[in-house]
Amino acid sequence: ERCLGGGTFNITNGGVFGSMLGTPMIGSPSLSAVLGLHATKLRPVVMPDGSIKTRPIMYVALTYDHRLIDGREAVTFLASIRDQVEKPQRLLLEL
């Protein structure tokens, strides 16, 4: 039986090199997950009223070992990251 405990979590920032989107790879047996952050760029966004405006967009990618992390928890984690980046006052006020 293989031991799956003691894994690590890495964060990589391809955005400093201008990367808009990419998928980080797990390159080590001891690595459980990698969060990839990418460049923030102005992109066209359809607003609730149907108008189109430019907004800063940053893509975030998460690669994880499915033997250790369930997809539901991974998506919940990504949604939490999104919420904190979009509304940092929630993090400061613990909302």
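This write-up is about the structure you can find in this document. (Residues numbered from 1 in each chain as written. Predicted model: local features only at pLDDT ≥ 70, side-chain atom pairs only at ≥ 80, totals over all residues. Heavy atoms only, no water.)

**Observations regarding the sheet that holds strand β1 (residues 8-13)**
Strands in a sheet are paired, the pairing made by backbone hydrogen bonds, and the direction either parallel or antiparallel.
Turning to step 1, where the next piece is worked out: A sheet is described by the order of its strands in space; here 3 strands give the open sequence β1-β2-β3, paired in mixed fashion. Strands with a single pairing partner mark the edges of an open sheet, and in this sheet they are β1 and β3 (52-64). Taking each pair of neighbouring strands and ignoring which way they run, the sheet shows an average axis angle of 20°.
Turning to step 2, where the next piece is worked out: In this sheet, strand β2 (residues 31-46) lies alongside β1 in parallel orientation, the contact comprising 6 bridges. Bridging across to β2, Phe9 finds its partner in Ala33. (Pairing = 2+ DSSP bridges. Helix = DSSP H or I, 4+ residues; strand = E, 2+ residues; numbered from the N terminus. Axes fitted to C-alpha atoms, helices over the stretch in contact; angles between N-to-C directions.)

**Examining the environment of Asp70**
Turning to step 1, where the next piece is worked out: Turning to its location among the elements, Asp70 is positioned in the loop between β3 and α1 (71-86).
Turning to step 2, where the next piece is worked out: Its relative accessible area of 46% is what places Asp70 among the partly exposed residues. (Buried < 20%, exposed > 50% of the residue type's maximum accessible area, 1.4 Å probe, protein only.)

**Structural notes on the side chain of Asp65**
Turning to step 1, where the next piece is worked out: Relative to the helices and strands, Asp65 is located in the loop between β3 and α1.
Turning to step 2, where the next piece is worked out: Asp65 gets classed as buried once you look at its relative accessible area, which sits at 13%.
Turning to step 3, where the next piece is worked out: Beyond its immediate chain neighbours, meaning those up to four positions away, Asp65 contacts Ile26 and Ser32. (Contact = heavy atoms within 4.5 Å.)

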